[in-house]
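Geometric and topological summary
The lines below spell out each chain.
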Amino acid sequence: MKIAIPMNEQSLDADVCPSFGRAPYFLFYNSVTEEAYYLDNAAVASQGGAGIRAAQVIADHGVKALLAPRCGENAAEVLSKAEVFVYHSIPGTARQNIEAHLNNQLPLINEFHAGFHGHEKK
Amino acid sequence: MKKSNLTIAVLSGKGGTGKTLVSVNFAAAAESAVYLDCDVEEPNGHFFFKPEITSEETVSAKIPLIDLDQCNGCRKCVDFCKFNALAFIKNKPVLFKDICHSCGGCVLFCPQKAISEEEKVVGKIQSGMSGQVCVHTGCLNTGEASGIPIIKELLKKSAAETTLPVFIDCPPGSACIVMESIKDADYCILVAEPTVFGVHNLKMVCDLVEVFHKPHGVILNKCLETENPAEEFCKEHHVHILDRIPFDSKLGTLNSNAKIAVRENDRYRELFSALLNTVIEEANHEAVADPQR
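Remember, it's a predicted structure, so these values are computed and weren't measured experimentally.

1. Brief notes about the interface of chain B and chain A
Chain B puts 10 residues into the contact, and the matching count from chain A is 12 residues. The element best represented in the side of chain B that touches chain A is strand β4 (residues 86-89) of chain B, accounting for three residues. Here the residues of the side of chain B that touches chain A sort into nine nonpolar, one polar and no charged.

Next comes the structure, spelled out in structure tokens:
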């Protein structure tokens, strides 16, 4: 199963990025082969619709589970239509989150925010 | 019909420099005039003019309507959309209406001709008189991506006006929506405040009006006795200074009570009338100097 995580750095031992649509990188992790690869998030400089574009990349890569601290409504719509489940990440590294997810310790996100749209919470 | 009137746009690189103060008082000083509030995300000229609204029209934008039976899933529309308004899920495009900027590109690119357009209401224009000033206010609905369809409709009112001067209160900044607002203007007034941040934004609008080859001049607002970075910028870059408006509590009080200074105070009536004459002279001179403009 393929898992995706928004990241600030390209390392399994780096922390999860607090933003989904504007994260600099995405980590893709295959839980069967235990292989990981990273992609630059092309949506990071989008004027608008970053969440949609980012969710599109996640869907295009055949991801089944996205682990993120939060996710906007538009991204959630794309992900849900593409049958990607979004799980609430915990503070800590990508590695810790993957472990927690594989042990069924991360709950599904069921509240999606309406987007910050230029009013980013720091 | 030949146009004998001037269209004057008032703009600034940031909000709160005094665009509305200048454009409202110019229109009031001209006595008979047309005032267009193109700051459609937060129109506020009507607070001053308090026009009696005599007409209201809705403004629509075109958004794509996708016939999924015709769609062969080639994804060209999704790849084209620079605004990320289209997603591609299970081999079919999905539209996010609120993100769409009505550019029409997806319609042109679809090889299957599966995309047509439908109208979506994005806002309205309210019109009414305040004394001899005809006030048109553009209002963009909350959450809409672009006010440009509303500005296009507002500018039709300017194009139809052949005798009275037209004053355009522009949105802040120097983005597409400002370019749309100034494109038909004969003269641009840049309003600047005496701060370092103000200078940064003044430079952006100076660059913009130069790209558009618009004759322009700067009004320095909120002037204190102390040094004025905006004034220094203008002198250094040979940008014409039209006048200085003092940082005056009387003007601030009138403004914060939504009063039009020109209609309440002799000093400001004289200041704005003289300033208006300067601008009209300059604009006419520019028109003679460069009739191709």
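2. With respect to the pairing of strand β1 (residues 7-11) of chain B
Residues and elements named next belong to chain B. Among the five residues of β1, five are classified as buried, and the element is accordingly described as predominantly covered. Taking every second residue as pointing to the same face, both faces of β1 are buried, with T7, A9 and L11 on one and I8 and V10 on the other. In terms of strand pairing, β1 meets strand β8 (residues 166-169) through four bridges, oriented parallel. When the sheet's bridge partners are listed, V10 is paired in β8 with D169. Judged from the four bridges that link them, β1 and strand β9 (residues 187-192) form a sheet pairing that is parallel. Residue pairing across strands places A9 opposite C188, the latter belonging to β9.

3. Some details on the nonpolar core
Proteins that are soluble and globular tend to have nonpolar side chains buried together. If you look at the biggest cluster of nonpolar residues, it comprises 124 residues, and the most contacted ones within it are A:L79, B:I8 and B:L190. In terms of residue count, helix α1 (residues 19-30) of chain B provides more of this core than any other element does, eight residues in total. Inspection of this core shows a minimum of three residues originating in each of domain 1 (7-59 + 122-289) and domain 2 (68-113) of chain B. Residues in contact with A:L79, not counting those within four places in the same chain, are A:A55, A:I58, A:A59, A:L66, A:V84 and A:V86.

4. What about helix α5 (residues 148-160) of chain B?
For an α-helix, 3.6 residues make a turn, and residues three or four places apart therefore share a direction. Here α5(B) contains 13 residues, and its C-alpha end-to-end distance of 19 Å stays within 8% of the 18 Å for a straight helix at 1.5 Å per residue. Among the residues making up α5(B), those that are buried are B:I148, B:P149, B:I150, B:I151, B:L154, B:L155 and B:S158.

5. Some details on the sheet that holds strand β3 (residues 35-40) of chain A
Residues and elements named next belong to chain A. Strand order in the open sheet made by the five strands is β3-β2-β1-β4-β5, with mixed pairing throughout. Looking at the sheet topology across the chains shown, the edges are occupied by β3 and β5 (85-88). Recorded for the sheet is a direction-independent mean angle of 25° between the axes of neighbouring strands. Note that strand β2 (residues 25-30) and β3 share six bridges and pair antiparallel. Pairing of Y25 across the sheet is with D40, part of β3.

Calculation criteria
Residues numbered from 1 in each chain as written. Chains lettered and ligands numbered in written order. Predicted model: local features only at pLDDT ≥ 70, side-chain atom pairs only at ≥ 80, totals over all residues. Contact = placed C-beta atoms within 7 Å. Helix = DSSP H or I, 4+ residues; strand = E, 2+ residues; numbered from the N terminus. Nonpolar A, V, L, I, M, F, W, Y, C, P; charged D, E, K, R; others polar. Buried ≥ 20, exposed ≤ 12 C-beta atoms within 10 Å, placed from the backbone. Pairing = 2+ DSSP bridges. Core = buried A, V, L, I, M, F, W, Y, C linked by C-beta atoms within 7 Å. Domains from an automatic or database assignment. Expected span 1.5 Å × (residues − 1). Axes fitted to C-alpha atoms, helices over the stretch in contact; angles between N-to-C directions.

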